Structures are given as structure tokens and as C-alpha cells.
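Listed below are the residues making up each chain.
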Amino acid sequence: MSIHEECGVFGVYSPTRCHLVETVYYGLYALQHRGQESCGIVINDDGVFAAHKDLGLVEEVFSHELLSGFPEGNISVGHVRYGTTGGTSRNNCQPIEVNHLKGRMALAHNGNLSNAAELRKELELSGAIFHTTSDSETIAYIITRERLRSASIEEALNRAMYTLDGAYSLVLMSPQKMLCCRDPYGFRPLCIGRTKDGKYIAASESCALEAVDAEFIRDVDPGEIIVFGPDGICSITDHCGQKEGSFCIFEYIYFSRPDSVINGVSVHESRLKAGEILAELHPAEADLVIGAPDSGLDAALGYSRRSGIPYGIGLIKNKYIGRTFISPGQQSRVEGVRIKLSAISSAVKGKRIVLVDDSIVRGNTMGRVVNILREAGAKEVHVRISSPPFIHPCYYGTDIDSEENLIACRHTLQEISKITGADSLGYFPPERLSELAPGCGFCSACFGGRYPTPVPADTRKDRYELKLSERTKQFT
Ligand code: SF4
């Protein structure tokens, strides 16, 4: 419950010119959980792009007045961002727009390149000038470079995919086409759908298709490009060298919305299953099972069903404050939890509670939640976590921290239990992760350290925002 998602991407292609901006607005609204730092929409009106991007939530950035000022068009892409490379600045808002010799392009990216630093250095040494500090601009540069050597945007994207390494689900548009693709590992989700009036949609999650009343068609395959254009739809499945399926297992556990279906598996069902397995392996003598809102609720229900212990609501989340990790300092993080969550005293008082949550990162949030329950009168608090312990950072577009900040790297199970104040603690077993995503190759590197791609040489999120003295060192 304390990890930032990466980003959400959304695109719409209409065979005829019409008012598209509301479709993208609602799509981004449905994907807001994937990124709350900034958002943006670009509309393509016969090759002329109109854009608005800014810091803030979708509802803060796009007023009714602003939306009604957008022109009609037939393609649009949108983005919600939480930056995993590059800081929170207006410059880093997406979609990224590029003007080049053969036209223009707008691109929305979810993920994180693992060879971004090498590619950017190579481009900068050949004279490229970057306007942002995000790895998404590097992707835009590589595609543009290939576009100048290719007959079409899809050929350029296909060629670029041989150069890009790591996690990227992209939605992009040229003057005439919308394209979407997933990296050959398939780290991040991406699916397509169609509205009743014939518009095609590409979105990070199927919940965004439902938000715009579109019917789910299918997931984009790892390594696949799908092109929507005046000549219809086509799929390019030159998989850039077949890679091992590496879908982020944490999308099921935490990132994605429970009403999304990914790789044919309902996120809600996957979380129920996690709770059932936890109940099997880590039973507790208790009176009530509660979930940490929101992402612990489904697994708590699964725990309750399997254990027979009644399920209830014990914690209430204040929906009107930002995520705790947006707070910059340690002290404000702690205060953030206090403001964000409160216990229903009448539900937990005098009871032995099983508290189910999706993860423990640093441990301070969980410690505070256990304390809130105790202050409300809970007799015992047994913590059950629907993921294995985090012991490695993530390089594929999430904010799972460096090892020194991960509590499970520094402490034993018993120590974590003591630090958080829990009466007992049980984690989901790594060897049973495959049951949460049946039939899908997945990445679980943050739990086991087996990274599907080479680990990047420089992993600092702010590596392009360093002081001049530090930056110069990179070139000496
Ligand atoms: Fe997902 Fe963890 Fe792999 Fe990152 S390292 S992609 S969070 S499973």
C-alpha cells in the first residue's frame, strides 16, 4: 500500500473526425491509480496536434472549459504519470510530442527502459538535445531516428524495438495512425477494445475500456505492434527476438485495479486467491478479517472465505488526500498515514484481528496501521501480506526502493513483526506466485532477484537532474 505505480496510457482512433477529448478524459480518469503526478492529452486534427499537459490529477488539470476548447480530431493519446526516471516537473509531463522531417508524433509510455542511460548518452554524443529528464524522451528519439530511415511509422517502431530494452507499453500517434505496442518481455499491461460507434481504444487496463463503454478485444501480445489507420487494423508480430514472458506479478497483487482483467485473469480473482493461500499457510486464531484499503480488501475477503473467520470493514480511508509517499520527508509520511487511515472502533474493539495488506516496504506505514487498530481497541493484530517480502529493487517502472530502504533486507520475519507491532506476521510464499497468474510468464525479481534483463548501470531516478559538478563527472 506504499508503492507508487508507474504510469497509465490511453489512446483512441476514430475512422471519422469527431469530439474525442471526453473519451480520453474518462479513460485517464479510470487509470488515475497508475499515476497521480501529472497527466496530458494530445488530439490529432488532420495532422495538427493540440495538447494540454500539467502537474496534478486528471480532474485538476482538465476543467470543463479546457476540455470544450479542444478541437475535434480522429486520433488522441493520453497519459497519467508517476515518474520512475526523471522528477516531477512540467517538462516531464506526457504525452511527448516530436516534430520531425517526415511529420510529427505524440507518445505515451508506461514502464522503464533498462538501457536508457546508454542510449541517451549515445544520442547526446551524436548531438541530440533533450528537453526532459525522462527515459520516455529517449524512446521518442529512437523511434524518430528510425522513422527518418523507414517507409512507415510502424516500420520505425519495429526497428526501434530492437534497440530499446526493458519495460515499455506505448501508445503513439502519427498524423494518420495510432499504434500501440508492448516490449517483448510484456512487463506492463496493454489491451485494446472497440466502442459501439466504431472507435478503437488502447489502454493500460481493461477498466479504462469499461469507463468509455468499449468492448474488450484482447491484450496486446509481448513484442507486438498493433496499427490503427485509414487502411484498417494490422498486427506486427516480429517479436524482436522471442523473450521469456515477464509480466509484472505485482500488477495482480497491487498496481492494477481489481475490476481489470489481464492475460485472461481477473485481478480481483487473483487477489482472492492470494488471500486463500495466505489463510492456508498462515492461519490465525481470530474474530475478524479486515483488509487495508484499497488493495488489501480483495485478499482479505479470500482469507476470510478460506479460514471461515468473518470478514468486516475495520479501516476507513480518507479518499481526499494524496498518497502517503508523495510526502517528501519521513515525518510527513507518518502524518500522512494518520490522516489517511482511521479505524472503526466499534468493529475492532476487543477483537482479535487479521489485517491483510498487499506489501510491506519500509515498515513504517504498517507499524502505524497496527497502532491505529490497537488505539481503537483491537486485542490482537495478526498481519498477513499478500506478496512475498521485497528484497530487491525494481528497474521496470515502479518505485520499489533500493535495498537499504527495504525492511525485509535488513530484518528477519520476527524482527519485522516486532518493529510493526504485529502479534504475528505471514507473507505470501514466492514459490506459489504462479497460482496468481496462471498460464502467464511473469517477473518476480523484486522478491527473488532474478531480473529478466541486465540491471541498468545507473539506477538513480534523478540521474539527469544532478548538479553540474556531478553531471560533468559522467563525461570524464
Ligand atoms: Fe514487477 Fe517486481 Fe518485476 Fe518490478 S521487479 S516488474 S515490481 S515483479
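Below you will find a few notes about this structure. Quantities reported herein were computed from a predicted structural model and do not represent experimental measurements.

## Points about the overall build of the protein chain
- Along its length, the protein chain carries 17 helices and 23 strands.
- Taking all 476 residues of the protein chain together, 60% fall into the buried category.
- Residue pairs at least 24 apart in sequence account for 69% of intrachain contacts in the protein chain once pairs closer than 6 positions are excluded.
- Put simply, the protein chain shows about 18,600 Å² of open surface, and 51% of that area lies on carbon and sulfur atoms.

## A short note on helix α4 (residues 116-125)
- Of the residues making up α4, those classed as buried are A116, L119, R120 and L123. An end-on view of α4 places all buried positions within 95 degrees of arc, on one side of the element.
- In this structure, the buried residues of α4 make contact with β6 (103-113) and α5 (135-149).
- Of the residues trailing α4, G127 is marked for its positive phi of about 105 degrees.

## Quick look at the sheet that holds strand β3 (residues 48-55)
- If you trace the 7 strands from one edge of the open sheet to the other, you get β3-β2-β4-β1-β10-β9-β11, paired in antiparallel fashion. Among the strands making up the open sheet, the edge pair consists of β3 and β11 (214-219). Strand-to-strand twist of the sheet, defined as the mean angle between neighbouring strand axes without regard to direction, takes the value 15 degrees.
- Pairing analysis gives 8 bridges linking strand β2 (residues 38-45) to β3, with the strands arranged antiparallel. Across the sheet, residue I43 finds its bridge partner in β3, namely A50.

## Concerning a nonpolar patch on the surface
- On the surface, Y311, I313 and I316 cluster together to form a nonpolar patch covering roughly 240 Å² of accessible area.
- In this structure I313 comes out as partly exposed when scored by relative accessible area, which is 44%.

## Focus on the pairing of β6
- Burial analysis of β6 places 9 of its 11 residues in the buried class, the great majority of the element.
- Where strand β5 (residues 96-100) meets β6, 5 bridges bridge the pair, whose relative direction is antiparallel. What sits directly across from H100, in β6, is G103.
- Strand direction decides the pairing type here: β6 and strand β7 (residues 166-173), joined by 8 bridges, are antiparallel. By the bridge assignment, G111 is partnered in β7 with Y168.

## Here's the deal with the packing of α5 against helix α6 (residues 153-161)
- Following both chains from N to C, one finds α5 and α6 inclined at 125 degrees, their axes separated by 8 Å at the closest point. In terms of orientation, α5 lies oblique with respect to α6. Remark: the crossing between α5 and α6 carries right-handed chirality. Along its contact with α5, which presents I142, I143, E146, R147 and R149, the element α6 presents I153, A156, L157, R159 and A160.
- Across the contact of α5 with α6, the residue classes tally to 6 nonpolar, no polar and 4 charged.

## Overview of the sheet that holds strand β22 (residues 424-427)
- Judged by pairing direction, the sheet is parallel, and its 4 strands sit side by side in the order β17-β20-β21-β22 without closing on themselves. Because the sheet does not close on itself, it has two edges, and the strands there are β17 (288-291) and β22. Shown here is a sheet whose adjacent strand axes are inclined to one another by a mean of 20 degrees, direction ignored.
- Of the pairings in the sheet, the one linking strand β21 (residues 380-385) to β22 comprises 4 bridges and is parallel in character. Counterpart to R384 in the pairing with β22 is G426.
- Strands in contact with helix α13 (residues 364-375) are β17, β20 (352-357) and β21; relative to β21, the strand with the most contacts, it is inclined by about 145 degrees.

## Structural notes on the pattern of salt bridges
- Applying the stated criterion across every chain, the model contains 27 salt bridges.
- Note that R17 and E72 form a salt bridge whose closest N and O atoms lie 3.1 Å from each other. Note that R17 is positioned in strand β1 (residues 7-18) and E72 in the loop between α3 (64-68) and β4 (73-81), a separation of 55 residues in sequence.
- A salt bridge links E276 to R306, with the shortest nitrogen-to-oxygen separation between them at 3.3 Å. With a gap of 30 residues between them, E276 in helix α9 (residues 267-281) and R306 in helix α10 (residues 297-307) connect regions that are remote in the sequence.
- Look at R306 and you get partly exposed, because its relative accessible area is 39%.

## A word on the side chain of H109
- Note on placement: H109 falls in strand β6.
- The class for H109 is buried, based on a relative accessible area of 1%.
- Within polar-contact distance, the side chain of H109 engages the backbone oxygen of A167 at 3.3 Å.
- If sequence neighbours within four positions are ignored, H109 has contacts with C7, V9, H79, Q94, D135, S136, I139, A167, Y168, S169 and L170.

## Side note on the packing of α4 against α5
- The N-to-C vectors of α4 and α5 enclose an angle of 55 degrees; their axes lie 10 Å apart at closest approach. Considering their axes alone, α4 and α5 lie oblique with respect to each other. By crossing handedness, the relation of α4 to α5 is classed as left-handed. Between α4, through A116, L119, R120, E122 and L123, and α5, the contact on the second element is made entirely by D135, T138, Y141, I142 and R145.
- In terms of residue class, the contact of α4 with α5 is built from 5 nonpolar, 1 polar and 4 charged.

Calculation notes
Residues numbered from 1 in each chain as written. Predicted model: local features only at pLDDT ≥ 70, side-chain atom pairs only at ≥ 80, totals over all residues. Heavy atoms only, no water. Helix = DSSP H or I, 4+ residues; strand = E, 2+ residues; numbered from the N terminus. Buried < 20%, exposed > 50% of the residue type's maximum accessible area, 1.4 Å probe, protein only. Contact = heavy atoms within 4.5 Å. Areas by Shrake-Rupley, 256 points an atom, 1.4 Å probe, with all protein chains shown as cover. Arc of directions from axis to C-beta. Pairing = 2+ DSSP bridges. Axes fitted to C-alpha atoms, helices over the stretch in contact; angles between N-to-C directions. Patch = residues over 30% accessible without salt bridge, like charges linked within 9 Å, V, L, I, M, F, W, Y side chains within 5 Å. Salt bridge = Lys/Arg side-chain N within 4 Å of Asp/Glu carboxyl O. Parallel < 35°, antiparallel > 145°, perpendicular 65-115°, else oblique. Left-handed = near helix turned anticlockwise from the far one by under 90°. Nonpolar A, V, L, I, M, F, W, Y, C, P; charged D, E, K, R; others polar. Polar contact = N/O pair within 3.5 Å; in protein donor to acceptor, adjacent residues only side chain to side chain.

In short, shape yes, function no, at least from these values alone.
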